[in-house]
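A closer look at the structure
What follows is each chain in one-letter form.
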Amino acid sequence: MCIRDSYWRAAEWYRKSASLADVGSEMEEMALNNAAAAEITAVDLGVPKVELAEGEEESELPPEIRTQLEESAASYLRVARENLFNPEIAVKAFNNAGYIYAAQLKDYEQAIVAYSELSKNFPDHPDVDKALYSEGLAYYELEEWHLAAGVFEEVLNNKITSTDQEPSALFKVGQCYEKLKNWRKAQDAFTLYGQRYRETGVPDLVVDSFYRAGHAALKQGDAVTGRNLLFECTQVYEDFSKRHGVTVSFDNPAKAYVEIGDLLFDEYAAIALEGDLMNLDPLVQTATRKYGMMNELAEIYGLSTRAADLEVNLCARYKAGLVYEQFYLTVSRMKISFAQLDKLIEENPVHAAEIEEIVMEQLDVFKSQMDSWAAENGLDKAIAVYELLLQTAEERGEVNQWVHKAKERLVDLVPQAYMQYPPIGTKVGMDNLGASIWDFSGVRMFSQRTDIEALAPEPVVPETTYEEDYDGVEGVEEEYDGLEEGAPEDIEEAVRDLSAPEEEAADLEPAEEEIDAEPVEEEIDAEPVE
């Protein structure tokens, strides 16, 4: 760039400086005057204005402009030090010097000098909080996180003057402790910001504060608090998005929904269907809980698919597919023991057929419900979700890790094409412990090389435990018509009813040993008839 071209570039920098200065301030007026003078000079010299091409970055300050700014900053600093007896002049000069050093020259060390001298010399001045906040920003830019946090906390602890910098200072405190990996203090700062400024703060910062607080809690291993704070992030977003004229980003809430789902997935995957045929009630309750959590997780991941960020969008879709696969895996590995039934039949061999009929009737009802749920929410649903993921990526014209993962799942599940499969439910015998295992892994597999164990995905958040009990989805229990509680008692009562007639008959028949009589032949005292 030649000297003549630098006039236009100088004008651009002066106007940029004016936009950063306080409205109506001396700095703004000076910057605008200098910009106008540079533009007039360029026009007089006939220098054409060259616009930056798209994607081209502005170069650094022209040397002559930098020199002028350095001289101006040094001049302001000198004036401030010479007029410490006059707060009005000194405070303004310190502020101007710090502003030029920080905002225009990016000389943060010198900016810290200017702002710190202001706060030390005039601790009771109304502008001291603004100077402290600017000093904290300079330390932050230098990545001096400890020093930055300390200065921002001075802003929060200053009770002498009211300040408009307090909300921003509190958020910055959280960011500093986040950088320092002091997760407890980071969580406290972000949570306080979200709670204190939920109604009056910048919407995006309020949403972000709860998101960051949730992450800080998770870093400490507190999954329950982390989940609650992430949920609060989504709720605050929903509240703001309903307000007229308020625009708030969905990026962090979308990530929060995915992470809430990840926290629940561990608990969901751990639910196994195992029980005894003579006591199906606990198995019914477990199956209801599993089904309810499946719907809850699918809904949570589904909310994230509204994200404009394709990484988050496709990640949510892929994990929704895993939810359906995991449900199929659980049903396919359901274990029902026949041990108590076998014992009851052994004790009542005469009524074995009647007992087995009663028990199998109840099993058929339960198995029918499981078949229905697995058919509606099993592999077919997962395949549809993976296909929609690929379609979405194709429409956007982008490919990422989730596209590759979805393709891998589809290769295993549908190597050729969709096909109909028989309904699940086949008894494969009993093991040496007397348990009949319902294992349907070979019935619905599309690929010979598919490993059923691989269908259970690794948890995204390792070693996550979520202890809150899930009560199931409202109305789910109504689908268990005919599967009444107290089944074991009914079976045993039926066995007793079947045995009762024989016992009553036995009471009515006289026993041979109770008859005290001699044979008839000995009682007849008569001669034989010729």
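In every chain, residue numbers begin from 1 and rise along the written sequence. It should be noted that, the model being predicted, local features are given only for residues of pLDDT at least 70 and side-chain atom pairs only at 80 or more, the latter also being counted only at that level, while totals for whole chains, interfaces and linings use all residues. Excluded from the side-chain calculations are hydrogens and water; all other atoms, namely the structure's heavy atoms, are used.

1. A closer look at the overall build of the chain
Heads up, the condition is: Working definition: helices are DSSP H or I runs of at least four residues, strands are E runs of at least two. Numbering for both runs from the N terminus. Per-residue accessibility, obtained with a 1.4 Å probe over protein chains only, is compared with the maximum for each type, and a residue is labelled buried under 20%, exposed over 50%, and partly exposed between these values. Every residue pair with non-hydrogen atoms within 4.5 Å of one another is taken to be in contact. Note that accessible areas follow from Shrake-Rupley with a 1.4 Å probe, and for residues the cover is restricted to the protein chains shown.
Tallying secondary structure elements over the chain gives 20 helices and three strands in all. When the 530 residues of the chain are sorted by exposure, 46% land in the buried category. Nonlocal contacts in the chain, meaning residues at least 24 apart in sequence, comprise 70% of its contacts between residues at least 6 apart. Summing over all exposed atoms, the chain offers an accessible surface of approximately 29,200 Å²; the carbon and sulfur share of this is 49%.

2. What about the packing of helix H13 (residues 281–304) against helix H16 (residues 352–377)?
Stated precisely, the cut-off is as follows: The axes are straight lines fitted to the C-alpha atoms, using for helices just the contacting stretch, and the angles between their N-to-C directions are given from 0 to 180°. Geometric relationships in this document are graded by angle, where less than 35 degrees denotes roughly parallel, more than 145 denotes roughly antiparallel, 65 to 115 denotes roughly perpendicular, and other angles denote oblique. The crossing is said to be left-handed when, going from far helix to near helix, the turn is anticlockwise and less than a right angle, and right-handed when the turn is clockwise. Only Asp, Glu, Lys and Arg are considered charged in this grouping, and only Ala, Val, Leu, Ile, Met, Phe, Trp, Tyr, Cys and Pro are considered nonpolar; every other residue, Gly among them, is considered polar.
Running from N to C, H13 and H16 cross one another at 15 degrees; their axes reach a closest spacing of 12 Å. In terms of axis orientation, H13 runs roughly parallel to H16. Once H13 is placed against H16, the crossing between them reads as left-handed. Counting all contacts with H13, which are made through Leu283, Val284, Ala287, Thr288, Tyr291 and Met294, the residues of H16 involved are Phe366, Met370, Trp373 and Asn377. Its residues assigned to classes, the contact of H13 with H16 comprises eight nonpolar, two polar and no charged.

3. Some words on the pattern of salt bridges
We apply this condition: Any Lys or Arg side-chain nitrogen found within 4 Å of a carboxyl oxygen on Asp or Glu counts as a salt bridge.
Tallying each qualifying case throughout the model produces 14 salt bridges. Of the charged contacts in the structure, one is a salt bridge between arginine 196 and glutamate 166, with a shortest N-O distance of 3.2 Å. Here arginine 196, found in helix H9 (residues 183–196), pairs with glutamate 166, found in helix H8 (residues 166–179); they are 30 residues apart in sequence, far enough to count as distant. Judged by relative accessible area, which is 24%, glutamate 166 ranks as partly exposed. With a shortest N-O distance of 3.0 Å, aspartate 262 and lysine 319 are connected by a salt bridge. In this pair, aspartate 262 sits in helix H12 (residues 251–270) while lysine 319 sits in helix H14 (residues 310–332), placing the two residues 57 residues apart along the sequence. Assigned by exposure class, aspartate 262 and lysine 319 land together as buried. Taken together, the shared-partner salt bridges connect Glu178, Asp208 and Arg212 into one network.

4. With respect to the environment of alanine 298
Relative to the helices and strands, alanine 298 is located in helix H13. For the pair alanine 298 and leucine 322, spaced 24 residues apart in the sequence, the C-alpha separation amounts to 9.6 Å.

5. What about the nonpolar core?
Spelled out, the test is: Among buried residues, the Ala, Val, Leu, Ile, Met, Phe, Trp, Tyr and Cys ones that are joined through side-chain atoms within 4.5 Å form a nonpolar core.
Formed by 134 residues in total, the largest nonpolar core has its most connected members in Tyr268, Leu277, Ile336, Leu341, Phe366 and Tyr386. Considering every element that reaches this core, the biggest residue donor is H14, with 13 residues.

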